[in-house]
Amino acid sequence: MDTVLQLLANGLMLGGLFAIVSVGLTLIFGIVKVVNFAHGEFLMVGMYLTFLVTRWLGLHPFVAVIVVVPALFLIGALTQRVIIQPLMSARDDHIQIFATVGLSTALMNLALLVFGADIANTPASGLRTPVEIGPVRVLSGQIAIFVASILLVLGLEAFLQRTATGRAIRAVAQNRAAAQLMGINVDRIYILTFGIGAACVGVAAVLIAPLYPTSPTIGTYFVLTAFVVVVLGGLGSIPGAFVGSLVIGLVDSFAGFYIGSDMREVAVFGMFLLILILRPAGLFGKQLNLSHVSP
């Protein structure tokens, strides 16, 4: 029984990690309708910024959030304004995807040029300390990530549902043309949304950097699972992405123990394909889509 509880805890902690990486990605797709293949590289940039701030100033890694989040928001906003927005009127939507793939490659090679291929380790500052909760043992940093993922999801949902800007964002997601007729500046909403999505991955970077070594290719490690989570939860659904992350985390944890560590990805993607066959819209594609507007 203790083993099952430990596996359950490990799965939930891993799910929280996937969730905090995926939330920004699903927000961007749900509103801007662009698949951002540079999302993993945004995470990598945030992790390097956390490393630099921590090393140079000797501060706790979490303090770096005051630098990393605004920096990632600016990077995301500029990406939308300079790279994506000029391509929004293109006949082929795939051009926008290719643009983000190009940005991903550019950021990865820029990191290789600046930092080299060596791994950068952000000081853990006690975040790798084991915490015992009954028979379960988890790291304090994992708990922080899990709690932060819940708060981030709740905060984004509250922002989208209860603020004027959030209602404007949902209106654009539901019908761009109608939103324009209502006086909403759609281009500005797209820039804002892309910036918020990138800022969310900035939060993830600050929390993940003390637990994982930073390298120019670290984003690739997370982004593939993030795409699976976004599709599994329902494209554009923030609560769906959170639930999908927990499902993926639990499957990964139990499959790694009972089937074998080399079969975890097989189990994850097998379950992913099965759910898509049975429910192509994802787990919450209809019920909790971002484009839903309450009466």
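Residues numbered from 1 in each chain as written. Predicted model: local features only at pLDDT ≥ 70, side-chain atom pairs only at ≥ 80, totals over all residues. Heavy atoms only, no water.

All chains considered together, the criterion is met by 7 aromatic pairs. Ring geometry for Phe37 and Phe227: centres 5.0 Å apart, planes at 40°, overall tilted. Remark: Phe227 occurs in helix H9 (residues 218-233) and Phe37 occurs in the loop between helix H1 (2-32) and helix H2 (39-57); sequence separation between them is 190 residues. Given the relative accessible area of 34%, Phe37 is considered partly exposed. Each ring, one from Tyr48 and one from Phe115, has its centre 3.9 Å from the other, and the planes form 10°; the classification is stacked. With Tyr48 in helix H2 and Phe115 in helix H4 (residues 94-115), this residue pair connects regions lying 67 residues apart in the sequence. What makes Tyr48 buried here is its relative accessible area of 3%. On the basis of relative accessible area, Phe115 is assigned to the partly exposed category, the value being 31%. These aromatic residues form a ring-pair network of at least three members: Tyr212, Tyr221 and Phe222. (Phe/Tyr/Trp six-rings, centres within 6.5 Å; stacked < 30°, edge-to-face > 60°. Helix = DSSP H or I, 4+ residues; strand = E, 2+ residues; numbered from the N terminus. Buried < 20%, exposed > 50% of the residue type's maximum accessible area, 1.4 Å probe, protein only.)

Before going further, it helps to examine the pairing of strand S1 (residues 130-133). Where S1 lies against strand S2 (residues 136-139), 4 bridges are found, and the strand directions are antiparallel. For Pro130, the partnering residue across the bridge sits in S2 and is Leu139. Linkage of S1 to S2, two consecutive antiparallel strands, is achieved through a turn of 2 residues, within which Gly134 is found at a positive phi near 65°. (Pairing = 2+ DSSP bridges.)

Mapped onto the elements of the fold, Ser245 is located in helix H10 (residues 238-258). When the C-alpha positions of Ser245 and Ala226 are compared, they lie 8.2 Å apart, and in sequence the two are 19 residues distant. Those residues within four positions of Ser245 in sequence are excluded, and the remaining contacts are Gly15, Phe18, Ala19, Ser22 and Val229. Here Ala19 takes part through its backbone nitrogen, which lies 3.2 Å from a polar atom of the side chain of Ser245. (Contact = heavy atoms within 4.5 Å. Polar contact = N/O pair within 3.5 Å; in protein donor to acceptor, adjacent residues only side chain to side chain.)

Okay, the layout of surface pockets next. By volume, the largest pocket amounts to about 600 Å³. Surrounding the largest pocket, 23 residues form its lining, Leu14, Phe18, Tyr221, Asp252 and Arg264 being those nearest its centre. Elements supplying a minimum of two residues to the lining of the largest pocket: H1, helix H5 (140-162), H9, H10 and helix H11 (264-278). A per-element tally of the lining of the largest pocket places H1 first, with 6 residues. Grouping the amino acids of the lining of the largest pocket by side-chain chemistry returns 15 nonpolar, 5 polar and 3 charged. (1 Å grid on protein atoms, 1.4 Å probe; cavity = no way out; pocket = protein on both sides within 12 Å on 5 of 7 lines; lining within 4 Å. Points joined across faces, edges and corners; volume = space filled by probe spheres on them. Nonpolar A, V, L, I, M, F, W, Y, C, P; charged D, E, K, R; others polar.)

As a further point, take unusual backbone geometry. For residues other than glycine, phi is negative in most cases, and the peptide bonds are mostly trans. Even without being a glycine, Lys33 presents a positive backbone phi close to 65°. Position of Lys33 relative to the elements: it lies in the loop between H1 and H2. Residue classification places Lys33 among the partly exposed residues on the basis of a relative accessible area of 46%.

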